[in-house]
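# Chains, contacts and geometry: an overview
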Amino acid sequence: MVVCICNAIREKDLRAAAQKGASTPSSAYAQMGCKARCGQCVSFARQIIRSETATA
């Protein structure tokens with residue numbers, strides 16, 4: 001599923017970033033070489049990162 005349309009970031013990309021240590025959407029996006037643009041994805045990205053770190 002696409003989480004961030006502006007940067008074409010998928011859920012699996014966010015989960016991978018969280019596994020590599022990203023704890024916030026900003027740090028996850030930075031790992032991918034971008035940043036949130038419109039901000040609509042930030043709350044959903046935060047949920048995905050939290051769920052990934054809770055199961056790790």
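Now for a look at the structure at hand. These numbers were taken from a predicted model, which means no experiment stands behind them.

Each value, and the rule that gives it
- Residues numbered from 1 in each chain as written.
- Predicted model: local features only at pLDDT ≥ 70, side-chain atom pairs only at ≥ 80, totals over all residues.
- Heavy atoms only, no water.
- Core = buried A, V, L, I, M, F, W, Y, C linked by side-chain atoms within 4.5 Å.
- Buried < 20%, exposed > 50% of the residue type's maximum accessible area, 1.4 Å probe, protein only.
- Helix = DSSP H or I, 4+ residues; strand = E, 2+ residues; numbered from the N terminus.
- Contact = heavy atoms within 4.5 Å.
- Salt bridge = Lys/Arg side-chain N within 4 Å of Asp/Glu carboxyl O.

## Let's talk about the nonpolar core
V3, L14, A28 and Y29 are the most contacted members of the largest nonpolar core, which has 13 residues in total. Elements supplying a minimum of two residues to this core: β1 (2–4), α1 (11–19), α2 (25–31) and α3 (42–55). Ignoring sequence-local partners within four residues, the contact set of A28 consists of L14, A17, A22 and I49.

## So, the pattern of salt bridges
Counted according to the given criterion, the structure contains 2 salt bridges. R15 is the partner of E11 in a salt bridge, and the nearest nitrogen-oxygen pair spans 2.8 Å. You can see E11 and its partner R15 sitting in helix α1, 4 residues apart, about one turn around the helix. When its relative accessible area of 21% is taken as the criterion, E11 is described as partly exposed. For R15, a relative accessible area of 25% corresponds to the partly exposed category. Put simply, R15 and E52 hold a salt bridge, and the shortest N to O gap is 2.9 Å. Of this pair, R15 sits in helix α1 while E52 sits in helix α3, and the two are 37 residues apart along the sequence. Through salt bridges that share partners, E11, R15 and E52 make up one connected network.

## Brief notes about unusual backbone geometry
Even without a glycine there, the phi angle at A8 is positive, about 55°. Here A8 lies in the loop between β1 and β2 (9–10). Judged by its relative accessible area of 57%, A8 is exposed.

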